[in-house]
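Inside the fold
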Amino acid sequence: MSKKRKWEDDYVRYWFTCTTEVDGTQRPQCVLCKSVFSNADLRPSKLSDHFNRQHGGIAGHDLNSLKHMPTPSDQSETLKTFGVPSNEDALLQASYQFAYLCAKEKNPHTIAEKLVKPCALEIAQIVLGPDAQKKLQQVPLSDDVIHSRIDEMSQDILQQVLEDIKASPLRVGIQLAETTDMDDCSQLMAFVRYIKEREIIEEFLFCEPLQLTMKGIDVFSLFRDFFLKHKIALDVCGSVCTDGASSMLGENSEFVACVKKEVPHIVITHCLLNPHALVTKTLPAKLKDALFTVVRVINFIKGRAPNHRLFQAFFEEIGIEYSVLLFHTEMRWLSRGQILTHIFEMYEEINQFLHHQSSNLVDDFENKEFKIHLAYLADLFKHLNELSASLQRTGMNTVSAREKLSAFVRKFPFWQKRIEKRNFTNFPFLEEVIVSDNEGICIAAEISLHLQQLSNFFHGYFSVGDLDEASKWVLDPFLFNLDFVDDGYLMKNDLAELRASGQILMEFETMKLEDFWSAQFTVFPNLAKTALEILMPFATTYLCELGFSSLLHFKTKSRSCFNVSDDIRVAISKKVPRFSDIIEQKLQQKSL
């Protein structure tokens, strides 16, 4: 019988403790990875080798308190004392971190169990050896576990946002939009804008399905119930920006009426992002016919699979760049602008293809008048796309958006005067196809009339964000003429004092307008509050549009019944889950 080795207190410097078997045999156990070794390994060379190889050899620690490890719970507490996570803590943390990355990348939950973990085990076996593989095997990554982890992280993120909303010194702004997913389920998405620590924050609020009907009252009920569920008064909302069908989310919809009844002070704005729909409503009959012909051509090519394949093969054969056309869609207006540009640039090739397929659209498509109208529409929608692109950013407020729209509308009189003189410089596609004076005269009259109608519609439709002269100090308090402010205005003294500060002037020149006024809350609270009440409302539903793009990754044919509420919050929220708090709560639940 071999001689049994005995435990020495000095061995704790290698991060080992002693476990004793029933027969009295002493065996070393690593407190970092919980690996238990045989009695034969109870010697400094073996312990040191494991310590250096597996744990980086971080020697020099005084661990006299780890001489004995009677129970696993005692070991866990001892490790926490020295800042070392226990094995259970490490496994939970790894599980939560993977679930977080899984949601961020919008992957299905089963990817962990079916792909990632098997790959990780193979890599661990090859690179690190069987001990590391056994340790990795313990990380819980099943479908149900990942789903549970994401739900818990989502609730933690939501709790952080709700706490911020309650602590915001001003009423919050809400951005609300609706879409239909691939399962024909209507999804209502909301973002919130609030002030936290002298900064304006934009955060995801919720994405919830409308279960039955999609009327304005249904949207309001879901919106109100969310706040009631989390014990927040609805009057915390200072503004709501909506987009969608006029009957559901429009300015005169039942939703708006219900919101104003509950919160009379609330400001309702409509998304300024897509003026293309307004342009289409003002089109004269001939231009509408031209647009309709484009739609029919697109649907002829894209709506029939054989035609689409032949179309791609035809373009590959002649070496043309655009072999794939975008579908026409009513809601995604940027794609309509791109369609018109593509159709115009591929006009001759598409005409050849329609002849080749003996389509009855040929007569309309190769008509000279149609081509002139197509060129004008392509130019006009290209201008609108540029305007919409300038509005597509975070932090866009109604004042800034209105300035951009005003600048766009102010170009119309200049365009009209040039067109009346047969100068089509602002419409390069149109200038390219106009070859005779008669053609120029005919189209110039139509364009001039349309631009005048468009200008009138823009002024009437997009009025939100206009500031009277007395309120324009919000945009620049240093250049603003104080004579426009009535002497009885209580904040006139604050404005005069603010203008006298050189330091505040430097802040104004280097900071965004919203951040500048947020920073003035402690010094000039009345000025800051008034300014931010003007700047707080959302001007567009751009964040919701981005959210709907993420929704496409979650709602697929294989996951059509999937409830996306928690996953999409973790995926697109800027908040990071408080992992330490979640894990600590999880461990406490297990110990009860």
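Below: a short report on this structure. If you're wondering where the values come from, they're calculated on a predicted model, not measured in any experiment.

**A few points about the nonpolar core**
With 74 residues, the main nonpolar core has Leu430 and Phe458 as its most contacted residues. At 12 residues, helix H16 (residues 368-391) tops the list of elements feeding residues into this core. Listed in part, the 33 residues of the second largest apolar core include Ile165, Leu210, Val219 and Val240.

**Remarks on helix H18 (residues 411-420)**
Taken as a whole, H18 has its buried residues at Phe412, Trp415, Gln416 and Ile419. One side of H18 holds all its buried residues, which, seen down the axis, span an arc of 100 degrees. Among the residues trailing H18, arginine 422 stands out with phi positive, at a value near 60 degrees.

**Some thoughts on the side chain of histidine 109**
One can find histidine 109 in the loop between helix H3 (87-104) and helix H4 (110-128). At a separation of 2.7 Å, a polar atom in the side chain of histidine 109 contacts the side chain of aspartate 567.

**A look at the pattern of salt bridges**
Following the criterion strictly, the structure yields 12 salt bridges and no others. In this structure, arginine 224 and aspartate 225 form a salt bridge, with 3.6 Å as the shortest nitrogen-oxygen distance. With a relative accessible area of 27%, arginine 224 lands in the partly exposed category. Note that lysine 286 and glutamate 369 form a salt bridge whose closest N and O atoms lie 3.5 Å from each other. Here glutamate 369 lies in helix H16 and lysine 286 lies in helix H11 (residues 285-302), a separation of 83 residues in the sequence. Using a relative accessible area of 44% as the deciding quantity, one classes lysine 286 as partly exposed.

**Re a nonpolar patch on the surface**
Together, Ile123, Ile126, Val127 and Leu128 make up an exposed nonpolar region whose accessible area comes to about 450 Å². With relative accessibility at 52%, the residue isoleucine 123 sits in the exposed group.

**Notes on the environment of glutamine 159**
On the secondary structure map, glutamine 159 appears in helix H6 (residues 143-167). Distance in space between the C-alpha atoms of glutamine 159 and proline 577 is 9.9 Å, their sequence separation being 418 residues.

**Description of the pairing of strand E1 (residues 16-20)**
Buried residues dominate E1, accounting for 4 of its 5 residues. Here 5 bridges tie E1 to strand E2 (residues 26-30), and the two strands are oriented antiparallel to one another. The partner of threonine 19 across the bridge, within E2, is arginine 27.

**Brief notes about the sheet that holds strand E4 (residues 186-195)**
Here we have 5 strands laid out as an open sheet, ordered E5-E4-E3-E6-E7, and mixed in their pairing. The strands lining the two open edges of the sheet, one partner per strand, are strand E5 (200-210) and strand E7 (267-270). Going from strand to strand, the sheet's axes swing by 20 degrees on average, the running direction of each strand aside. One ladder, built from 10 bridges, connects E4 with E5; its direction is antiparallel. Paired with valine 192 across the bridge in E5 is glutamate 203. The strands touched by helix H25 (residues 542-554) are strand E3 (172-180), E4, E5 and strand E6 (237-243); relative to E3, the strand with the most contacts, the crossing angle is about 40 degrees.

**Some remarks on the packing of aromatic side chains**
Per the counting criterion, the structure on display carries 20 aromatic pairs. Arranged with centres 5.4 Å apart and planes meeting at 85 degrees, the rings of phenylalanine 191 and phenylalanine 204 form a pair that is edge-to-face. Placement of phenylalanine 191 in strand E4 and of phenylalanine 204 in strand E5 is noted, with a sequence separation of 13 residues between them. With respect to class, phenylalanine 191 is no different from phenylalanine 204; both count as buried. Considering the side-chain rings of phenylalanine 412 and tryptophan 415, the 5.6 Å spacing of their centres and the 45 degrees angle between planes classify their relative orientation as tilted. Of this pair, phenylalanine 412 and tryptophan 415 are both found in helix H18, 3 residues apart, which corresponds to roughly one turn of the helix. Members of the aromatic cluster, connected to one another through ring pairs, are Phe206, Phe223, Phe226, Phe227 and Phe255.

**Focus on the side chain of histidine 373**
When you line up the elements, histidine 373 lands in helix H16. Overall, the relative accessible area of 3% leaves histidine 373 in the buried class. Discounting chain neighbours no more than four positions away, the residues touching histidine 373 are Lys286, Leu287, Ala290, Ile443 and Glu446.

**Description of unusual backbone geometry**
Positive phi, normally seen in glycine, also occurs at serine 358, with a value near 55 degrees. Mapped onto the elements of the fold, serine 358 is located in the loop between helix H14 (347-356) and helix H15 (362-365). Of note, arginine 422 is a non-glycine position whose phi angle comes to about 60 degrees, a positive value. For arginine 422, the position within the fold is in the loop between H18 and helix H19 (428-433). The partly exposed category is assigned to arginine 422, whose relative accessible area is 39%.

What counts, and at which threshold
- Residues numbered from 1 in each chain as written.
- Predicted model: local features only at pLDDT ≥ 70, side-chain atom pairs only at ≥ 80, totals over all residues.
- Heavy atoms only, no water.
- Core = buried A, V, L, I, M, F, W, Y, C linked by side-chain atoms within 4.5 Å.
- Buried < 20%, exposed > 50% of the residue type's maximum accessible area, 1.4 Å probe, protein only.
- Helix = DSSP H or I, 4+ residues; strand = E, 2+ residues; numbered from the N terminus.
- Arc of directions from axis to C-beta.
- Polar contact = N/O pair within 3.5 Å; in protein donor to acceptor, adjacent residues only side chain to side chain.
- Salt bridge = Lys/Arg side-chain N within 4 Å of Asp/Glu carboxyl O.
- Patch = residues over 30% accessible without salt bridge, like charges linked within 9 Å, V, L, I, M, F, W, Y side chains within 5 Å.
- Areas by Shrake-Rupley, 256 points an atom, 1.4 Å probe, with all protein chains shown as cover.
- Pairing = 2+ DSSP bridges.
- Axes fitted to C-alpha atoms, helices over the stretch in contact; angles between N-to-C directions.
- Contact = heavy atoms within 4.5 Å.
- Phe/Tyr/Trp six-rings, centres within 6.5 Å; stacked < 30°, edge-to-face > 60°.

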